[in-house]
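Working through the structure, step by step
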Amino acid sequence: FGEWHAVGILRDITEQKRLEESLLKEMEFNSTLVESSPAFFVAINADGTVRHMNDAMLRALGYTLEELRNKNYMALIPESDRDALSGVFSRLITVALPTLNENRVLTKDGREILVEWHGRAIKKPDGSPDYFFGVGTDITDRKRAEERIIASEAKYRRLHETMMDAFVLGDVDGNIVEANRSYMDMLGYSMEGLSELNYLDLTPKKWHAFESKIIDEQVMVQGFSGVYEKEYIRKDGAVFPVELRTFLLKDDDGRPSGLWAIV
C-alpha cells in the first residue's frame, strides 16, 4: 500500500471573525435601541406591507406585530391622508436625505393619532426600494394643546377688540406692545404709532412719579393696582383725564414680563 498524504490550506480568519462579531453586536444593539425607544419605528416593504413595527408604536396602536406583519400599511391610514402619504413614499425613492412629514394613524379601537415622521427609503444594489423606514413621534397631544392656545388667543383677541374700555399691554420697560381699538381711538394713534411709544410718552410729566410709586408699591408687590386716576396726552396734544387699573404679567419662571391696563 502507498502512503497517504493530506494537504491543507490555512487562512487566517481572525479579522473576519472580529468583523462578524462586531456586526452581530451592532445589530443586537440597534435592535435593543429600536425596541426600547419611546419613539415609533416602522419598516414598510416596497409593496406597502408592514415589515416591522417596534413595541412603542404597537402599544400606541393597540396591535401585536403578528396582527400587522405583512398587512397593508395603508389600512392604518385614514382615507383622507392616503394620497398625501403615497406622495411621500414616491419622494423617498428619489431623495437621499430623510423626509419629514405628518400623517394620522388609526388605532385598533378606531381613534386617530397624529404622528410626525422622519422617513427614508432603504434601497437594493440596483437602486430600487427594498423597504421604507420611519422614525415617528406622537404629536397628538401637542397639536391639541396648540389648537387650544390658538382658540384661546382668538377668543382673547375678540374679547379685547370688542371691549368698550380701552386695553393696553406693555413690556417691562413700559414700551407699548398691544392695544385694542378703544385705546387707539382714545389717543388718536394707530397701533403702528403706539408701538413706537412708551407709556411715559403718553403721560404728562407731573404724573410720572405718582404712577411709578403705584407700580412699585402695588403692582410689583401684589400683582395689580387699585383703580387710580391720571392724565393722557392725545396725539394732537390735548390732555384729558383717565381712570385705570394696572396688572402684572409674569413669564413661566415667575419673572415680571409686562404690564397691562384697562383704561
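You'll find the structure just up there.
Here's what I pulled together on the structure shown here.

About the cut-offs
- Residues numbered from 1 in each chain as written.
- Predicted model: local features only at pLDDT ≥ 70, side-chain atom pairs only at ≥ 80, totals over all residues.
- Heavy atoms only, no water.
- Helix = DSSP H or I, 4+ residues; strand = E, 2+ residues; numbered from the N terminus.
- Buried < 20%, exposed > 50% of the residue type's maximum accessible area, 1.4 Å probe, protein only.
- Contact = heavy atoms within 4.5 Å.
- Areas by Shrake-Rupley, 256 points an atom, 1.4 Å probe, with all protein chains shown as cover.
- Pairing = 2+ DSSP bridges.
- Axes fitted to C-alpha atoms, helices over the stretch in contact; angles between N-to-C directions.
- Core = buried A, V, L, I, M, F, W, Y, C linked by side-chain atoms within 4.5 Å.
- Arc of directions from axis to C-beta.

Side note on the overall build of the chain
When helices and strands are counted, the chain shows eight helices and ten strands. The buried share of the chain, taken over its 263 residues, is 35%. In the chain, the proportion of contacts linking residues at least 24 apart, taken out of those at least 6 apart, comes to 39%. As displayed, the chain offers around 17,200 Å² of accessible surface, 55% of which is attributable to carbon and sulfur atoms.

Quick word on the sheet that holds strand β2 (residues 50-53)
Read from one edge of the open sheet, five strands run β2-β1-β5-β4-β3, paired in antiparallel fashion. A strand with exactly one partner marks an edge of an open sheet, and here the two such strands are β2 and β3 (99-106). Mean inter-strand twist for the sheet, computed between neighbouring axes without regard to direction, equals 30 degrees. By the bridge criterion, six bridges tie strand β1 (residues 40-45) to strand β5 (residues 129-138) in an arrangement that is antiparallel. Note on β5: the bridge partner recorded for Asn45 is Tyr131.

Details of the nonpolar core
Counting 25 residues, the largest nonpolar core has Met53, Met57, Tyr73, Phe89 and Val105 as the members making the most contacts within it. Where this core is concerned, the elements lending two or more residues are β1, β2, α2 (55-61), α3 (65-68), α4 (79-94) and β4 (112-123). Excluding its chain neighbours within four sequence positions, the residues that come into contact with Met57 are Phe40, Phe41, Val42, Tyr73 and Trp117. Counting residues in each nonpolar core, the second largest holds 19 residues, with Ile176, Tyr183, Leu202 and Tyr232 among its members.

Examining the environment of Tyr183
Counting through the fold element by element, Tyr183 comes out in helix α6 (residues 181-187). By relative accessible area, which is 1% here, Tyr183 ends up buried. With sequence-adjacent residues up to four places away left out, Tyr183 is seen in contact with Ala166, Phe167, Val168, Ile176, Leu194, Leu202, Tyr232 and Val263.

Comments concerning the pairing of β1
With six of six residues buried, β1 is to be regarded as a mostly interior element. Here β1 shows a buried face lined by Phe40, Val42 and Ile44 and a second buried face lined by Phe41, Ala43 and Asn45. Direction of pairing for β1 relative to β2: antiparallel, over a ladder of three bridges. Looking at β2, one finds that Ile44 is bridged to Val50. Between β1 and β2, which pair antiparallel and follow one another directly, the connecting turn spans four residues, one of which, Gly48, has a positive phi of 95 degrees.

Quick word on α4
It helps to recall that an α-helix has 3.6 residues per turn; residues three or four apart then point in one direction. Burial in α4 covers these residues: Asp81, Leu85, Val88, Phe89 and Leu92. One face of α4 carries all of its buried residues, which in axial projection span an arc of 100 degrees. Opposite the buried face of α4, at more than 90 degrees from it, the exposed residues are Asp83, Ala84 and Thr94. The secondary structure elements touched by the buried residues of α4 are β1, β3, β4 and β5.

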